Amino acid sequence: MPDPVRLTFPDGRSLEVPAGTTVADCLVRWDPARAAAALAGSWDGRALDLASPVPGSGHLAPLSFDDRAGREILQHSSAHLVAKALTEAIPGALPTHGPPTEEGFFYDFEVRPLTPEDLDQVRSGMRRSVAAREPFRRKEVSRAEAERLFAGNPHKLRYIREAPADEAISYYETGAFIDLCRGPHVPDTGWLQGVHLLGFSAITPEAGSGAPPLQRIRGVGFPTEAGLREYLKLRSEAEARDHRTLGQKLELIAFFDEAPGFPALLPKGITVVRELERFVREHLKDAGYAEIRTPLMWAQSVYETSGHWSHYRENMFLTEADDRMWGWKPMNCPGSMLIFKSRARSYRELPLRYAEFAPLHRYEPSGTLHGLTRVREFVQDDAHLFVTEAQIEPEIKKLLAWIARAFSTFRLQWSYELSTRPAEFLGEREAWDRAEATLERILRETGIEYRVSPGEGAFYGPKIDIHVRDSLGRPWQLGTIQLDYQIPARFELKYQGPDGTLHTPIVIHRVILGSFERFLGVLLEHTGGRLPPWLAPVQLRILPVTEQQAEAARGLEEELLADGVRVERTGTEESLSKRVRSAEIERIPYVVVIGEKEVAQNGTSVRIRGTKESLALSRAELRQRLRDKIGSRAFEP
RNA sequence: GCCACUGUAGCUCAGCGGCAGAGCGGCUGAUUCGUAAUCAGCAGGUCGGGGGUUCAAAUCCCUCCAGUGGCUCCA
């Protein structure tokens, strides 16, 4: 009889159990309630099946769906379930891998192109399996045995060959289906009540790999059907916030088949964008920027100098004139560089900050276009800062402060990502290392939490990106701060230093809101179309109850127009209820009803968006409230 | 760009080989109304474009365009 093992648990209690006791039994002896919610166990940080014996003394914790690790186990088990059902439905289909993702899971197969009917079959196969509560049985085998078992599947053979030599090869058996897998898994398929397939798509194989295209089935799993229902409800609510639908319903934007990816801004849309621009320009003025406007097109030679010709040409709209090639600018940097170069510069001018809000054109692949968030023509709140080495840090710190202020104004949650040298890059590795180290140090010193994305930097420098999520949880990059030692040198930019010699400035490329188009899209989803009063295309609508109050309504309208409020007034052909409803649907922040009573008291009855009751305010009080809310760029009316 | 799916009135959608429909919106008229839909009438369509099959095509096939979901890429 081997020695008993001693286990400690999350609440600090410890327990002695005979060696070989299963994880499940240990957890039950510790806390039956918490054991019941466990999908698997974590022993000294290693995830284990509930049916596995504890390997020895150590710390044991349950993993439930509420833990990230537990959630991933359930997703991964769901992926196995999909693979089982699909290989049963389509004999000869080769499973490759099926990892958990942030949202759920996917499983990739080498198989003929799938059809919606295949998916139905997979669904019913999964239902049968769940009802049968088939156990996930773990088996450990030798490499040779594993290669024999998976001889028909080159993908699995590759994984076996690639597995670290010291690692045991394990596979899981679910009914007649076996899958090479490290595990762990939920105990049986009965735990996968809430599995839902999201769709299927083809996977583009890595260019030049010669690999066959794969078919991916995506899904998401929940421990209960109720959990799934909750998720589906949230998802359909999120779909109602889709900026493409809202943008159309609120008459902000339009798209044309004849110009895919080129969003048109309707009168209301341009109103919002102008307000956003005003917000940004006010800051630029305070922060010492100068605004410039440079050509939308440049001849090829400019892009050869900047590096875009060799690194970005596939993404540019090109045209020919005067016997040479021209490119619509995909970024503002070449113009800023040439303006800097247009005369001799002194160190006294630095930091020199040039802002430019010009339309940019990028030839994005047709399949990647998406509403306002991925387009081919857009305007950024762009600027280029020409700085000395010593000015990098204070300038970037100022930018980080502006980011925090700007995004807080919209109550957006944002996150930072540091992207480092890509495979294709300009310049010397040493310069890159230095630039990356600088950005990293600034982030650390500022106490900012950030993720690192290796190899995701721009071709000319590393960057700090700002990401926010849309209503469906899709992350979008908005702002970016890019440190560039390359392009200024390529343009041979010089300034005269205090020592009398010429130096090359460093350039910080930066956008904060990203593009106004994408920002509007994200903002619409974030607010469900209920834009803050300062951004609302129509800020206030006056509804006279009957024709008797038309005159008073006109008077109020004039007063508010004089205050600069974007105000509208309705006729009385439609019922008051109908007009209130329309205003509500249009997400107008303030709806003012003028009836007999209001006229008698020279007052207003104000319905504030998001509330059902109306507020009796004098005209002066109403004007004051509008001044406060709009002037301070308050988020709520 | 790749794979799959979708495209019918301004919008949301039904119709899926045999006479192009509904609701909302629009217009006209009546109603003058107190905080989310007053009533009636009318107009509005080469069924995404082109080609084919068929006695007959919105419907079946081919192709192009656009959109959607993924992949790749990206502000």
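Sequence order as written defines the numbering, with residues in each chain counted from 1. Written order determines the labels here, with chains lettered from A and ligands numbered from 1. Per-residue local features of the predicted model are confined to residues with pLDDT of at least 70, and side-chain atom pairs are confined, for both listing and counting, to 80 or more; whole-chain, interface and lining totals are unaffected and use all residues. To get the side-chain values, all heavy atoms of the structure are used, and hydrogens and water are removed first.

Enquirer: Before we move on, can you summarise the sheet that holds strand β7 (residues 105-110) with the specific residues and values?
Expert: Taken in spatial order, the 4 strands make up an open sheet running β6-β7-β12-β11, and their pairing is antiparallel. Of all the strands in the sheet, the pair left with one neighbour each is β6 (94-95) and β11 (194-203). What makes two strands pair is DSSP finding at least two bridges between them. The helix count covers DSSP runs of H or I at least four residues long, the strand count covers runs of E at least two residues long, and both are numbered beginning at the N terminus. Note: β7 against strand β12 (residues 214-222), 5 bridges, orientation antiparallel. If you follow F109 over to β12, its bridge partner there is Q215. By definition, residues are in contact when any of their heavy atoms lie within 4.5 Å. Between the N-to-C directions of two axes lies an angle of 0 to 180 degrees, each axis being a line fitted to C-alpha atoms and, for a helix, fitted only over the stretch in contact. In this fold helix α4 (residues 116-132) packs onto β11 and β12, with an angle of close to 150° to the strand it touches most, β11.

Enquirer: Can you break down the protein's contact with RNA strand B residue by residue, with the values?
Expert: Contacts to RNA strand B come from 54 residues, most closely from S201, S366, Q477, R581 and S605. Of what RNA strand B places within 4 Å of the protein, 56% of the atoms are sugar or phosphate. Here a polar contact is taken to be a pair of N or O atoms separated by no more than 3.5 Å, where protein atoms must pair a possible hydrogen donor with a possible acceptor and residues adjacent in sequence count only if both atoms sit in side chains. At a separation of 3.1 Å, a base nitrogen of RNA strand B approaches a polar backbone atom of E573. For the surface near RNA strand B, the element with the most residues is helix α18 (residues 576-585), which contributes 6 residues. Each residue gets one label: Ala, Val, Leu, Ile, Met, Phe, Trp, Tyr, Cys and Pro are nonpolar, Asp, Glu, Lys and Arg are charged, and the others, such as Gly, are polar. Of the residues in the surface near RNA strand B, the class split is 14 nonpolar, 19 polar and 21 charged. Here a residue is near a molecule or strand as soon as one of its heavy atoms is found within 4 Å of it.

Enquirer: Residue-level account of the sheet that holds strand β17 (residues 318-321), with values.
Expert: The 3 strands are arranged β16-β18-β17 in an open sheet whose pairing can be described as antiparallel. At either end of the open sheet lies a strand with only one pairing partner, and these are β16 (297-299) and β17. When the angles between neighbouring strand axes are averaged without regard to direction, this sheet yields 35°.

Enquirer: Go over the nonpolar core, please, and point to the residues and values.
Expert: Buried Ala, Val, Leu, Ile, Met, Phe, Trp, Tyr and Cys residues form a nonpolar core when they are joined through side-chain atoms within 4.5 Å. We call a residue buried when its accessible area falls under 20% of the maximum for its residue type, exposed when it is over 50%, and partly exposed in between, using a 1.4 Å probe and counting protein chains only. Of all hydrophobic cores here, the largest spans 56 residues; its most connected members are F407, F410 and F519. Per element, the largest residue contribution to this core is 8 residues, and it comes from helix α13 (residues 389-409). For F519, the residues in contact, after removing those within four places along its chain, are L276, F407, F410, L412, L478 and L513. In this structure, F65, V130, F177 and V220 belong to the second largest nonpolar core, which totals 36 residues.

Enquirer: Tell me what's going on with the pattern of salt bridges, and back it up with residues and numbers.
Expert: Salt-bridge detection follows one rule: a side-chain nitrogen of Lys or Arg within 4 Å of a carboxyl oxygen of Asp or Glu. Applying the stated rule across the entire model yields 46 salt bridges. For the salt bridge of E282 with R633, the shortest nitrogen-to-oxygen distance reads 3.0 Å. Taken together, the residues span a long stretch of sequence, with E282 in helix α9 (residues 267-286) and R633 in the segment after α20 (619-631) at a distance of 351 residues. Among the ionic pairs, E395 bridges to R353, the shortest N-O distance being 2.8 Å. Residue E395 is located in helix α13, and its partner R353 is located in strand β19 (residues 352-356); the two are separated by 42 residues in the primary sequence. For the pair formed by E395 and R353, the shared burial category is buried. What emerges from the salt-bridge pattern is a single network uniting K268, R541, E568 and E586.

Enquirer: How would you summarise the packing of aromatic side chains if you had to cite specific residues and measurements?
Expert: Each aromatic pair joins two rings of Phe, Tyr and Trp (for Trp, the six-membered one) with centres within 6.5 Å, and gets the label stacked for planes under 30 degrees apart, edge-to-face for over 60, and tilted for any other angle. Taken as a whole and assessed by the stated rule, the structure comprises 19 aromatic pairs. An angle of 40° between the planes, with centres 5.4 Å apart, marks the rings of F279 and W402 as tilted. In this pair, F279 sits in helix α9 while W402 sits in helix α13, placing the two residues 123 residues apart along the sequence. A residue is classified by how much of its surface remains accessible, and W402, at 2% relative accessible area, is buried. Seen in terms of ring centroids, F317 and Y363 are 5.3 Å apart; in terms of plane orientation they differ by 70°. Their pairing is edge-to-face. Taken as a pair, F317 in the loop between α11 (308-311) and β17 and Y363 in the loop between β20 (359-361) and β21 (377-387) lie far apart in primary sequence, 46 residues in all. Taking the relative accessible area as the measure of exposure, Y363 reaches 39% and is therefore partly exposed. Aromatic rings pair up to connect F279, W402, F407, F410, W414, F519 and W534 into one cluster. In our convention, an over-ring charge means Lys NZ or Arg CZ found within 6 Å of a ring centre and within 35 degrees of that ring's normal. A cation sits over an aromatic face here: R345 above F340, 5.3 Å from the ring centre. For R633, the ring lying beneath its charged end belongs to W534, and the centroid distance is 4.9 Å.

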